[in-house]
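A look at the structure
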Amino acid sequence: MTMEEEIKAGFNNSGFHIEDEEAVLQKCHTFCVNYNLKPSDIVSSWEVYYLNRLLDESTVKDSEMDGFLLYLQNELKEEIIKEEPGLHIYSSNDVDMILNDEDKDANEEVPSTPTHETKNPYSEPYDLTPQTNGRTFTSSKPSKHVTPFGQRTHKLAVKFSMNDMPNTENGRKEGDHENHEDDIIRKVQPGRRCSLISHGSSPEIGCRFMYDRIDDRFNALERRIQKHAIALSSSGLYEEPVDPTVSSQKSIFTVGMICGDGDGHLNEKSTLLQSSVEHSGGQRVRLELQNLRQYSIFPGQIVGIEGHNPSGHCLVASKIVDYTPLSHTDDVNLHPTKKQALDEEIHLHDISSEQAELSMIIASGPFTTTDNMFFEPLNELLAYANRKMPQLLILLGPFVDSEHPEVKKGTIDKSFDEIFQFEILRRLQDCTEFMGSQARVILVPSTRDANHDAVFPQPAFDIHPPDLKHQITSLTNPGIFEANQVKIGCCSADILKHLSGEEISRHPKDGAPIDRMANLASHILGQRSFYPLYPPADGIPLDFSIAPEALQISLNLDILILPSDMRFFAKAVAIGGGEGEAKCLCVNPGRLAKGVGGGTFIELKYYGNPDTSSVSILGI
């Protein structure tokens, strides 16, 4: 098989149609040769490019090849920079800056990473005003390209909105100038404090990890298969699952886990189904997908299969059930005594749980740019929160990013805990004191946090802010909590990006266009798991020995927060896979800091259900 044929087969297996086939394949072949890429690398890179550009059709067009080439070049440059951090690759952007004499301005006005001869940034007083920690950076010659954070333009611009946000007493139109009298009025007339109940507390702070055994992994996967089998059979829609490895001429129904027959990416020819120990002794059988008009599968996915196995060696599927019904009466994974204690706390503080509305701001790290450790994006976010006065401020890690260049090089003269305490917690304490007792802050750690345990699922931060323990709360990663009866789930692992690289799908060419991001989010809801992918992606320290139940989504969520490197979005996704099912508002706030520039965050007002709620995604 020639390289062009391999590229074509890869696109077809990933559900893409090639337009102007000869020209596209020839260019992709050239990319492979020039950049030493495999055909599978080209297809994987196109999937990410396709998702980030939000292309409407799953068609590979010749008109997109120039943009795709630029994307490949940028990816190659980033890999080289990672391998040699001190190396600078000059581009046309640098030439423009030199010709416009902008490099001189940048050197004079943009703070560089401090050395032992410069002033320590951590000794500067903290200021909550929206002037980036007392420093204002301007340039008489703003760059046409991505600029350092202090020189950015279009601050707080709305990138995306869903159900335009109404004008509330806490809100203000973008572009309004600050008014000290307005601040005084808001302080005199604070908003109502929201209730807060945490569902689940595992893994515990200080838990022992790195004791993961093969038995732990097998038992956790086996419990997932059994739980899905029970849910499907008890729904009354399907028969009792049977052994799929036994030859049978009649149609059968079985439940199992999708897996591959090797270490490479999943494809139609390598797809296997692993059934439970109860039904097949944990054996695997080859799964034939040719008769299916539409499917979307990935390794680790638990599915129900209708089909037949005439030979005993291959299960020919006629239908795939890729979601699991969840009864509204299912109990939440929370110890009764802990839930009772939280309910008593709410009662003692006279907080009503009958409120139907909830306002929040959601942001995900990194919270500082890669050229310094000043945490300017976090400053700007907190200043915005002070003006808007949300009931909840939800921040997901990484807070002290282990991937930050200064952290990786070890040139910081403070411990990671000191950076977290001073740069994060102290700012949050000042922010909550300014907003008043009605404000609540939720912190969710990340496996990239240099000051925390690198394990997934991950315990909460061990924080005890003085006099603010009822306002600043840390949850596990992943975690579920309830505020004003709005059930919210959040996970800082980039499951969307990981699923997009492993999923294979087929969609009818004459059908409606598929919303890829909504489809990826529906996998998490349908599988009732914050991380249904198995084996996990590189860099995810998945440990089944500490709290495998923490990965489960044990109730119908109203909001699901999934921060990702992929493009930001907010979508109402059906939970049960059908139009008449309940919906969940799935959001990706993006990253608050991207390189040396600013990223995005979300302002959300929930009104009873996702269809009537309003979401705005803003650039910081």
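Residues numbered from 1 in each chain as written. Predicted model: local features only at pLDDT ≥ 70, side-chain atom pairs only at ≥ 80, totals over all residues. Heavy atoms only, no water.

Looking at the overall build of the protein
What the protein contains, in helices and strands, is 15 helices and 24 strands. A separation of at least 24 residues holds for 73% of the contacts in the protein among residues at least 6 apart in sequence. Total accessible area computed for the protein in this model is approximately 29,200 Å², and 49% of it derives from carbon and sulfur atoms. (Helix = DSSP H or I, 4+ residues; strand = E, 2+ residues; numbered from the N terminus. Contact = heavy atoms within 4.5 Å. Areas by Shrake-Rupley, 256 points an atom, 1.4 Å probe, with all protein chains shown as cover.)

Quick word on the packing of helix α1 (residues 3-13) against helix α2 (residues 21-35)
Where α1 contacts α2, the two axes come as close as 9 Å, and the packing angle between them is 110 degrees. Put simply, α1 runs roughly perpendicular to α2. Only Glu21, Leu25, Gln26, Cys28, His29 and Cys32 of α2 make contact with α1, whose side of the interface consists of Met3, Glu4, Ile7, Lys8 and Phe11. (Axes fitted to C-alpha atoms, helices over the stretch in contact; angles between N-to-C directions. Parallel < 35°, antiparallel > 145°, perpendicular 65-115°, else oblique.)

What to know about the sheet that holds strand β4 (residues 197-199)
Ordered by their spatial adjacency, six strands build an open sheet running β4-β15-β16-β18-β20-β19, and the pairing between neighbours is mixed. The sheet is open, and its two borders are formed by β4 and β19 (569-574), each paired with just one other strand. Averaged over all adjacent pairs, the angle separating strand axes in this sheet is 25 degrees, with direction ignored. Here β4 pairs with strand β15 (residues 479-483) via three bridges, running antiparallel. Bridge assignment links isoleucine 197 to a residue of β15, and that residue is glutamate 482. Helix-sheet contacts for helix α15 (residues 516-527) involve β18 (559-561), β19 and β20 (583-588), and the interaxial angle to β19 is about 55 degrees. (Pairing = 2+ DSSP bridges.)

Details of α15
Across its twelve residues, α15 extends 17 Å between first and last C-alpha, which sits within 8% of the 16 Å expected from 1.5 Å per residue. In terms of burial, α15 is a largely internal element, eleven of the twelve residues being buried. Three or more residues of α15 are buried, namely Arg516, Met517, Ala518, Asn519, Leu520, Ala521, His523, Ile524, Leu525, Gly526 and Gln527. (Expected span 1.5 Å × (residues − 1). Buried < 20%, exposed > 50% of the residue type's maximum accessible area, 1.4 Å probe, protein only.)

Details of the side chain of asparagine 451
Tracing the backbone shows asparagine 451 in the loop between β13 (440-444) and β14 (472-474). Contact partners of asparagine 451, with chain neighbours within four places excluded, come to Val400, Phe416, Asp417, Phe420 and Phe461.

Observations concerning the nonpolar core
Within the largest apolar cluster, 65 residues are counted, with the highest numbers of intra-cluster contacts made by Phe11, Trp46, Phe68 and Leu560. With 35 residues, the next largest nonpolar core counts Leu378, Val407, Phe420 and Ile472 among its residues. (Core = buried A, V, L, I, M, F, W, Y, C linked by side-chain atoms within 4.5 Å.)

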